[in-house]
Amino acid sequence: PRLLSQFFFADERVTQVVAEINGLDAELDPQQYLVLLNQLHLSQAHLLAILERIMEECIPTQRHSRDYLVKFPEELLVDNLGNHMLFAAECLLAGTFLEVEEAEGAQLRPQARNLLCSLELVRTVLREQSLSQPGSYPEPVRAVLVQFDRLFAEFELSYVSSLVAVKSPEEIYRQQEIIVLFCETVQRALRLGYLTQEMIDGYEPLLMFTIPRLAIISGLLIYPEGPLSLEQSPEQMSRVFSPFYNLLKKIRDLLRVLSAEELCLLERSLCTAE
């Protein structure tokens, strides 16, 4: 049950698969090479998962901040992101630029080298510790883990930033404003009887259409200085709404001529129409 013991056997598996790959002629047996390559990815992912648990147990208050993850596109926030970063570092060190331009890859290579060297040091130190005192983490072990955690985070941010346009602090703030707008829209809809708490608690599918529709009206009329403010330029708006800037202006102009009764009737119809 000890994490260091689990790490030892996971590390043994990675070493074994690497040895099998190095002893195989990929041109003579490409199918077996692909099988071993898949086994390597799986064994590395298992090793990293155990290492993550060790760091949470050993250096929970010394972990490098991962606040930058909020800047990443949601499609990148997957369970195997860490293993993908390790594979990317190995490719960069080998001079293979699979996802990035050659110039950017050359700039990332020193970080990749430092990360992989740090990982090898972690593997060595943790193996030795697992064979001597598998139930403790002395200061030298902690220091090695802290360094690896920092290098991994720095490489992850740099590599992903070279692949995609990460969100700026301004864009993150705009998205938070949209969240607030949606929350206030729901509270207003509950107060006016457009929605019921039972619909929300029961995850009524219709809400996926209803709440955004009501939020557009709220953002244009009720909270005109919020994230849907048309006093700002399209470039200043969130990317969620900026492509529809002209359409939003037309909707706002139409809403402004409605009476209170007509607006209420419109909002109620938006809660039922598909």
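First things first, this report covers the structure right here in the doc. Quick caveat: nothing in here was measured; it's all calculated off a predicted structure. (Residues numbered from 1 in each chain as written. Predicted model: local features only at pLDDT ≥ 70, side-chain atom pairs only at ≥ 80, totals over all residues. Heavy atoms only, no water.)

Let us now look at the overall build of the chain. When you go through the chain residue by residue, the secondary structure sums to 10 helices and zero strands. Tracing the chain from N to C terminus, the helices and strands come up as α-α-α-α-α-α-α-α-α-α. Radius of gyration (C-alpha) of the chain: 26 Å, far over the 19 Å computed for a compact globule of 274 residues. In terms of principal-axis extent, the alpha carbons of the chain reach across some 80 × 45 × 35 Å. With 274 residues in all, the chain has 38% of them scored as buried. Taking as baseline every contact in the chain between residues at least 6 positions apart, the subset at least 24 positions apart corresponds to 71%. Here the chain holds 23 positive side-chain charges and 39 negative ones, and the gap between their average locations is 4 Å. (Helix = DSSP H or I, 4+ residues; strand = E, 2+ residues; numbered from the N terminus. Rg over C-alpha atoms; globule rule 2.2 N^0.38 Å. Buried < 20%, exposed > 50% of the residue type's maximum accessible area, 1.4 Å probe, protein only. Contact = heavy atoms within 4.5 Å. Lys, Arg positive; Asp, Glu negative; His and termini not counted. Charge placed at Lys NZ, Arg CZ, Asp CG, Glu CD.)

Relative to the elements of secondary structure, proline 169 occurs in helix H6 (residues 169-192). Note on proline 169: relative accessible area 53%, which makes it exposed. As a C-alpha pair, proline 169 and valine 70 span 99 residues in sequence and 9.6 Å in three-dimensional space.

Moving on to the pattern of salt bridges. Under the defined criterion, the tally for this structure stands at 12 salt bridges. For arginine 252, the salt bridge identified is with aspartate 253, shortest N-O distance 3.7 Å. Look at the salt bridges and you will find they share partners, linking Asp11, Glu12, Glu120, Arg123 and Arg127 into a network. (Salt bridge = Lys/Arg side-chain N within 4 Å of Asp/Glu carboxyl O.)

On to the side chain of serine 162, then. In this fold, serine 162 is placed in helix H5 (residues 139-163). A distance of 2.5 Å separates a polar atom in the side chain of serine 162 from the backbone oxygen of tyrosine 159. With residues up to four places along the chain from it excluded, the contact list for serine 162 reads Val100, Glu104 and Leu108. (Polar contact = N/O pair within 3.5 Å; in protein donor to acceptor, adjacent residues only side chain to side chain.)

The next thing to look at is the environment of serine 118. In this fold, serine 118 is placed in helix H4 (residues 102-132). Classification of serine 118 as buried rests on a relative accessible area of 4%. Between the C-alpha atom of serine 118 and that of phenylalanine 152, which follows or precedes it by 34 residues, the distance is 9.0 Å. Not counting residues up to four positions away in its chain, the partners in contact with serine 118 are Gln147, Phe148 and Leu151.

Attention now goes to the packing of aromatic side chains. Applying the stated criterion across every chain, the model contains three aromatic pairs. Measuring from ring centre to ring centre gives 5.4 Å for phenylalanine 8 and phenylalanine 9, while their planes differ by 90 degrees; the resulting arrangement is edge-to-face. The class of phenylalanine 8 is buried, set by a relative accessible area of 16%. What makes phenylalanine 9 exposed here is its relative accessible area of 60%. (Phe/Tyr/Trp six-rings, centres within 6.5 Å; stacked < 30°, edge-to-face > 60°.)

In this section: the nonpolar core. Leu51, Ile54, Leu126, Leu145, Phe148, Phe155 and Tyr159 are the most contacted members of the largest nonpolar core, which has 45 residues in total. Residue assignment for this core shows that the elements contributing at least two residues are helix H1 (3-22), helix H2 (30-58), helix H3 (81-93), H4 and H5. The element best represented in this core is H5, accounting for 10 residues. In this structure, leucine 51 is in contact with Phe7, Leu119, Val122, Leu126, Leu145 and Phe148, ignoring residues within four places of it in sequence. The next biggest cluster of nonpolar side chains, apart from the first, holds 14 residues, and it includes Ile217, Phe241, Leu255 and Leu270. (Core = buried A, V, L, I, M, F, W, Y, C linked by side-chain atoms within 4.5 Å.)

Relative orientation of the contacting elements H1 and H4 amounts to 130 degrees, with a least axis distance of 9 Å. What the angle tells us is that H1 and H4 run oblique. Crossing hand, H1 versus H4: left-handed. For the pair H1 and H4, the contacting residues are Leu4, Phe7, Phe8, Asp11, Glu12, Val14 and Thr15 in the first and Arg123, Leu126, Arg127, Gln129, Ser130 and Leu131 in the second. Partitioned by chemical class, the residues of the contact of H1 with H4 number six nonpolar, three polar and four charged. (Axes fitted to C-alpha atoms, helices over the stretch in contact; angles between N-to-C directions. Parallel < 35°, antiparallel > 145°, perpendicular 65-115°, else oblique. Left-handed = near helix turned anticlockwise from the far one by under 90°. Nonpolar A, V, L, I, M, F, W, Y, C, P; charged D, E, K, R; others polar.)

The terminal C-alpha atoms of H2 lie 41 Å apart, and with 29 residues this matches the ideal 42 Å at 1.5 Å per residue to within 8%. Among all positions in H2, only Leu36, Leu40, Ser43, Gln44, Leu47, Leu48, Ile50, Leu51, Ile54, Met55 and Cys58 are buried. Check the buried side of H2 and you find it contacts H1, H3, H4 and H5. (Expected span 1.5 Å × (residues − 1).)

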